[in-house]
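Read off the chains here:
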Amino acid sequence: MPRYCFGEFVLSPRRRLLLRNGREQPLIPRYFDLLVFLIERRGDAVHRREIFDRVWSDVVVSDGALSQAIRTIRRVLDDDRREPRFVRTVSRHGYQFVFVGVTEEEDDGGWPDKAAPVAITEGSAPSDDLYGPLIQQITHLPASRTEEEEQREAAETLHALGTTEALRRLTGSHPFARALLRDTRWDAAEAGPVPILGGPDVISVAWHLARLRLRRGAGIAAARWTTASIGGGAAGAVGGAVGGFLLAVAPGSAAPPAVVPVLAVIGAGCGALAAAGVGAGLSIAESLLRSRRTLALIAGGAVGGGVVGLLVQLIGRWSLAVLVGVDAPVNGGLEGLVIGGAAGLGFAVATAHVNGGLAAPRGLGRLRAAMMTAGACGLAALGLAMAGRSLVGGTIHAITQASIGGQAILTPLGRLLGEPGFGAVSAALISTGEGLVFGLGLALGLTFRHRER
């Protein structure tokens, strides 16, 4: 693996170092990978799609994330986007590394000693001329997309100068500026901590931070929510159809063949609604919180599933009572809370290595995420069944029992398992199966790759 020399810079992919005149220039890992990729392909104008597939292969991010990465690389290389020396923007296409004097060297010896980083260290006191204009630039809400990008670049530069000193000089509360510094610290390798708790205007800072992150990731989060709903609906349709078929062919069953499409439609509707709630909670949580990602996913999935489950529970009971005069135990709220939290836990553990975007693993990674999410949902459903809390199948059985002439009673399925009726074993197996299938469909929908345009 060679190292690359261009101008006053030396880039070593093997040692993952960028030096300028012997001094290290910090870059976060993905930005370092992007610079290496552009230099490797320096003869080509590289399309954005190729960059996303190479550098952000396990996550989905917006085009804004790529623009942010290019701005950071240009700042580190002291490059000018209007008269580029290193990185040229190719309109409506991508980027190209244009420095013509790149040389390759063996990277197994003769490596120069590292000197101290160029960035001003924390605790030093540079002139106000460095901080003042940058701080003033980020203390007001942006009026345009261009100004927003310029503010993010200014915030990154402040991190490079010294995060602690920038916060000290940020007199007054300035919640937007603090939120911007907090958000951009993930994109600056030199950034120090930007605490929110214990600082001024905690609620305002948190509000601005949430707006910043949701605005930049809203398109992708909405697309993930849609495909999660589709995945959950498809899983519910398959589960309902399989259950209906088994019920129709079970000995002693009075269910007609029409029970198959009926249960498939019911399963699709329940699966889509549940996945819509859980998927929305997971997508929003993953967009908002990066430092506490696992806890955020568990809480987001639980809240989303719980809210939708409670609404379905209330509307279902009211509808049955008003339309057909049936008072049946329709579950939903607690079940959605538990299943949603389990889905968040399984998905978080399976994608724990992800940083800097919404997880979208490929190949075996995607299969692993789907299996772990399905397993977590299946175990949660089993626990609910053992506690006497049934999911869709058990609820259909209870409604059928309370109705006159209902044919979807699940007693024949219990007899197939050696029980006299629909008992604890039947309920546990059916609920576990529902949880597994739901988790699988949800995870496959969540990990479907999107690209914001």
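This is a predicted model, so every value here is computed, not measured.

> Any details on the pairing of strand β1 (residues 3–6)? Residues and values, ideally.
A two-sided burial pattern is seen for β1, the buried positions comprising R3 and C5 on one face and Y4 and F6 on the other. Where β1 lies against strand β9 (residues 103–105), three bridges are found, and the strand directions are antiparallel. Bridging across to β9, Y4 finds its partner in E104. By the bridge criterion, three bridges tie β1 to strand β2 (residues 9–12) in an arrangement that is antiparallel. From the neighbouring strand, C5 faces β2, where its bridge partner is V10.

> Explain the side chain of D187 to me, and be specific about the residues and the numbers.
Within the element layout of this structure, D187 appears in the loop between α6 (175–184) and α7 (202–249). At 2.9 Å, the side chain of D187 and the side chain of Y31 are in polar contact. Not counting residues up to four positions away in its chain, the partners in contact with D187 are I28, Y31, Q68, T72, R152 and E156.

> Describe the side chain of Q313, naming the residues involved and giving the relevant values.
Within the secondary structure, Q313 is located in helix α9 (residues 293–323). At a separation of 3.5 Å, a polar atom in the side chain of Q313 contacts the main-chain amide nitrogen of G332. Apart from residues lying up to four places away in sequence, Q313 is in contact with V330, N331, G332 and G333.

> Mind laying out the sheet that holds strand β5 (residues 46–47), listing which residues take part and the relevant values?
An order of β5-β8-β7 is seen for the three strands of this open sheet, with the pairing classed as antiparallel. In this open sheet, the two strands that pair with only one neighbour each are β5 and β7 (87–90). Sheet contacts for helix α1 (residues 29–40): β5, β7 and β8 (94–97); angle to β8, the most-contacted strand, approximately 70°.

> Quick rundown of the environment of S173? Include the residues and the values.
Position of S173 relative to the elements: it lies in the loop between α5 (145–169) and α6. Its relative accessible area of 27% is what places S173 among the partly exposed residues. Apart from residues no more than four positions distant in its own chain, S173 is found in contact with R178, P200 and D201.

> Tell me about the sheet that holds β2, and name the residues and values.
The strands that make up a sheet pair up through hydrogen bonds in the backbone, lying either parallel or antiparallel. In spatial order, the strands read β4-β3-β2-β1-β9; together these five strands make up an open sheet with antiparallel pairing. Pairing within the sheet leaves two strands with one partner each, and these edge strands are β4 (23–24) and β9. For strand β3 (residues 17–20) and β4, the ladder comprises two bridges, and the chain directions are antiparallel. Counterpart to L19 in the pairing with β4 is E24. Sitting on the sheet, α1 touches β1, β2 and β3, and the angle it makes with β2 is about 105°. Set on the sheet, helix α3 (residues 63–77) makes contact with β1, β2 and β3; between it and β3 the angle comes to about 40°.

> Provide a residue-level description of the packing of aromatic side chains, including the pertinent values.
Evaluated as defined, the whole model comprises eight aromatic pairs. Consider the rings of F9 and F86, whose centres lie 5.6 Å apart with planes at 90°: the pair is edge-to-face. Of this pair, F9 sits in strand β2 while F86 is found in the loop between α3 and β7, placing the two residues 77 residues apart along the sequence. Neither F9 nor F86 differs from the other in exposure class; each is buried. With a centroid separation of 5.9 Å and 55° between ring planes, the pair formed by F52 and W56 is classed as tilted. Across the pair, exposure class does not vary: F52 and W56 are buried alike.

> Before we move on, could you go through α5 and cite the residues and values that matter?
Counting along an α-helix, one turn takes 3.6 residues, and residues three or four places apart therefore face a common direction. Here α5 contains 25 residues, and its C-alpha end-to-end distance of 26 Å is more than 12% below the 36 Å for a straight helix at 1.5 Å per residue. By the largest-angle criterion, G162 marks the main kink of α5, which is about 110°.

> Give a detailed account of unusual backbone geometry, specifying residues and quantitative values.
For R16, which is not glycine, the phi torsion reads 55° and is therefore positive. Turning to its location among the elements, R16 is positioned in the loop between β2 and β3. Taking the relative accessible area as the measure of exposure, R16 reaches 40% and is therefore partly exposed. The phi dihedral of D78 falls on the positive side, at around 55°, and the residue is not glycine. Residue placement: D78 occurs in the loop between α3 and β7. We classify D78 as exposed; its relative accessible area is 55%.

The rules behind the values
Residues numbered from 1 in each chain as written. Predicted model: local features only at pLDDT ≥ 70, side-chain atom pairs only at ≥ 80, totals over all residues. Heavy atoms only, no water. Buried < 20%, exposed > 50% of the residue type's maximum accessible area, 1.4 Å probe, protein only. Helix = DSSP H or I, 4+ residues; strand = E, 2+ residues; numbered from the N terminus. Pairing = 2+ DSSP bridges. Polar contact = N/O pair within 3.5 Å; in protein donor to acceptor, adjacent residues only side chain to side chain. Contact = heavy atoms within 4.5 Å. Axes fitted to C-alpha atoms, helices over the stretch in contact; angles between N-to-C directions. Phe/Tyr/Trp six-rings, centres within 6.5 Å; stacked < 30°, edge-to-face > 60°. Expected span 1.5 Å × (residues − 1). Bend = angle between axes of the 7 residues up to and from the residue.

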